[in-house]
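# Descriptive analysis of the structure
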Amino acid sequence: MKNLEWGKMSFSYTKTDYIIYSTFKDGKWTPAVKTADFNIALSSYAGVLHYGSSCFEGLKAFRGVDGKVRLFRPEENAKRMIRSAEFLDLPAPSIEQFVEMCVMAVKANAEYIPPYESTASLYLRPLLIGSNPQLGIRSSVESTFIVMASPVGTYSGDKILVPGTAVVGRNHDRAAPNGSGSYKIGANYAQSLHPYNIAHKQGYRELLFLDASTHSLIEEFGSSNFFAIKGNTYITPNSHSVLPSITNASLRTVAQDLGMKVEMREIPLVELDSVDEVNSCGTAVVITPICRIDDKIRLEDELPSHVYKFTEECGVKSRALYDQIIGIQKGTLDDRFGWTMFVDC
Ligand code: PLP
Ligand code: COI
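In this text the structure is predicted, and so the values were computed from the model without any measurement.

## Description of the domain arrangement of the protein chain
Segmenting the protein chain into domains produces domain 1 (6–152) and domain 2 (164–330). Just the C-alpha atoms count here: the centres of domain 1 and domain 2 sit 26 Å apart. Overall, the association of domain 1 and domain 2 removes approximately 2000 Å² of surface from exposure, summing both partners, and the carbon and sulfur fraction of that is 62%. Along the contact surface separating domain 1 from domain 2 lie zero salt bridges. Applying the counting criterion to the domain 1 and domain 2 interface returns eleven residue pairs in polar contact (both at pLDDT 80 or more). When contributions to the side of domain 1 that touches domain 2 are tallied by element, the ones reaching two or more residues are β4 (54–56), β5 (59–63), β6 (69–72) and α2 (74–88). For the side of domain 1 that touches domain 2, the leading source of residues is α2, giving seven residues. For the side of domain 1 that touches domain 2, a count of residues per class yields twelve nonpolar, six polar and eight charged.

Next comes the structure, spelled out in structure tokens:
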């Protein structure tokens with residue numbers, strides 16, 4: 001294992017040794033190769049550079065209490081990438097190829113899998129891009145699939161469940177009602193960069209998007225899904241323009257298993273005055289508590305029109321959910337839902 005400062009890591013890029021690479025050309029995928037050269041050769045006419053034909057995934061490998069390495073639900077990421085690629089009409093790897101290349105990336109960079117004791121993990125970033133030269137607006141017929149790996153900490157370094165603030169503004173939307181919001185495509189993130197920068201400059205950790213038609217319903221954060229705890233109920237939005245988060249789906253299963261009620265429904269922003277705990281959830285953020293949401297008409301406004309306040313510390317029910325997910329991922333709890341896949345390295 002590398003001697004890195006695991007405790008100081010945040011969610012940022014650390015150079016590792018290899019990426020795994022395959023291209024779809026002439027109707028078939030080339031055999032996946034491991035390469036230490038992180039630069040890829042791409043025509044300047046490649047569709048990804050002009051028309052944004054790109055989708056990606058994020059999943060983590062953990063070193064367990066037993067020393068074994070586990071990937072969390074890689075097949076779910078594979079299915080979601082296939083769905084995103086279908087939306088872009090981009091040739092996609094099969095579930096088997098996706099998982100196999102993720103396993104190769106973990107094995108090739110095994111020395112960068114953080115120790116069990118640390119809060120860090122090895123983040124995998126599978127990326128699929130349209131790579132053939134073209135000029136007209138059309139989907140790419142050739143694609144390049146790469147799996148990268150980087151050790152990451154939580155958003156708060158070695159601390160977990162540190163509450164942050166979020167902001168809502170009605171003059172920036174993440175996704176159109178019948179648009180691409182539920183796909184993990186680069187274009188959705190391009191759309192969020194500018195409003196994110198405004199929010200970050202004002203000191204907010206997160207940006208919460210509302211539905212683009214009425215600006216009254218909660219959709220999701222720029223980096224993650226939204227869930228709240230109201231009494232003994234786990235509530236999370238159901239919307240066609242929200243990314244179907246694998247973490248959120250797993251939390252709903254765990255919440256039910258812990259005897260909580262689960263509601264996936266429209267959540268008016270104003271309902272936040274009557275919820276107990278609010279969190280963002282996703283692979284990168286895991287569960288990150290939100291202690292305050294400032295509601296602004298325009299994101300650039302200095303003062304909010306309303307302030308929603310929640311528990312200063314992570315709430316008890318959110319903590320219980322966090323412990324379950326991390327326990328399963330790191331092997332301290334029984335994998336009773338069959339979510340982990342061992343990687344021999
Ligand atoms: N929503 C957005 C916009 C995201 O980027 C992510 C991260 O992948 C999520 C939600 C959470 O999804 P998952 O739990 O599958 O990582
Ligand atoms: C993830 O959680 O995997 C994401 O893609 C979100 C992004 C903040 C990296």
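## Comments concerning the packing of aromatic side chains
Inspection of every chain in the model, using the stated rule, returns ten aromatic pairs. When the ring of Phe98 is compared with that of Phe145, the centres are 5.7 Å apart and the planes differ by 25 degrees; the resulting orientation is stacked. Here Phe98 is found in helix α3 (residues 95–108), whereas its partner Phe145 is found in strand β8 (residues 143–152), with 47 residues between them in sequence. Judged by its relative accessible area of 1%, Phe98 is buried. Overall, the relative accessible area of 0% leaves Phe145 in the buried class. One aromatic cluster is present, formed by Phe24, Trp29, Phe98 and Phe145 through successive ring pairs. For Lys15, the ring lying beneath its charged end belongs to Phe38, and the centroid distance is 4.0 Å. The lysine or arginine in question, Lys34, covers the ring of Tyr18, its NZ or CZ lying 4.4 Å from the ring centre.

## Side note on the nonpolar core
Ranked by size, the top nonpolar core spans 33 residues in total, and within it Leu71, Val106, Leu124, Leu128, Phe145 and Val147 carry the most contacts. When contributions to this core are tallied by element, the ones reaching two or more residues are β1 (19–25), β5, β6, α2, α3, β7 (121–130) and β8. Looking at which element gives the most residues to this core, the answer is α3, with eight residues. Residues in contact with Phe145, not counting those within four places in the same chain, are Ile20, Tyr21, Ser22, Trp29, Met81, Pro93, Phe98, Met101, Pro126, Leu127 and Leu128. Grouped together as the second largest cluster of nonpolar side chains are 19 residues, Phe62, Phe72, Ala255 and Val286 included.

What counts, and at which threshold
- Residues numbered from 1 in each chain as written.
- Chains lettered and ligands numbered in written order.
- Predicted model: local features only at pLDDT ≥ 70, side-chain atom pairs only at ≥ 80, totals over all residues.
- Heavy atoms only, no water.
- Domains from an automatic or database assignment.
- Buried area = accessible area lost by both parts, 1.4 Å probe.
- Salt bridge = Lys/Arg side-chain N within 4 Å of Asp/Glu carboxyl O.
- Polar contact = N/O pair within 3.5 Å; in protein donor to acceptor, adjacent residues only side chain to side chain.
- Helix = DSSP H or I, 4+ residues; strand = E, 2+ residues; numbered from the N terminus.
- Nonpolar A, V, L, I, M, F, W, Y, C, P; charged D, E, K, R; others polar.
- Phe/Tyr/Trp six-rings, centres within 6.5 Å; stacked < 30°, edge-to-face > 60°.
- Buried < 20%, exposed > 50% of the residue type's maximum accessible area, 1.4 Å probe, protein only.
- Lys NZ or Arg CZ within 6 Å of the ring centre and 35° of its normal.
- Core = buried A, V, L, I, M, F, W, Y, C linked by side-chain atoms within 4.5 Å.
- Contact = heavy atoms within 4.5 Å.

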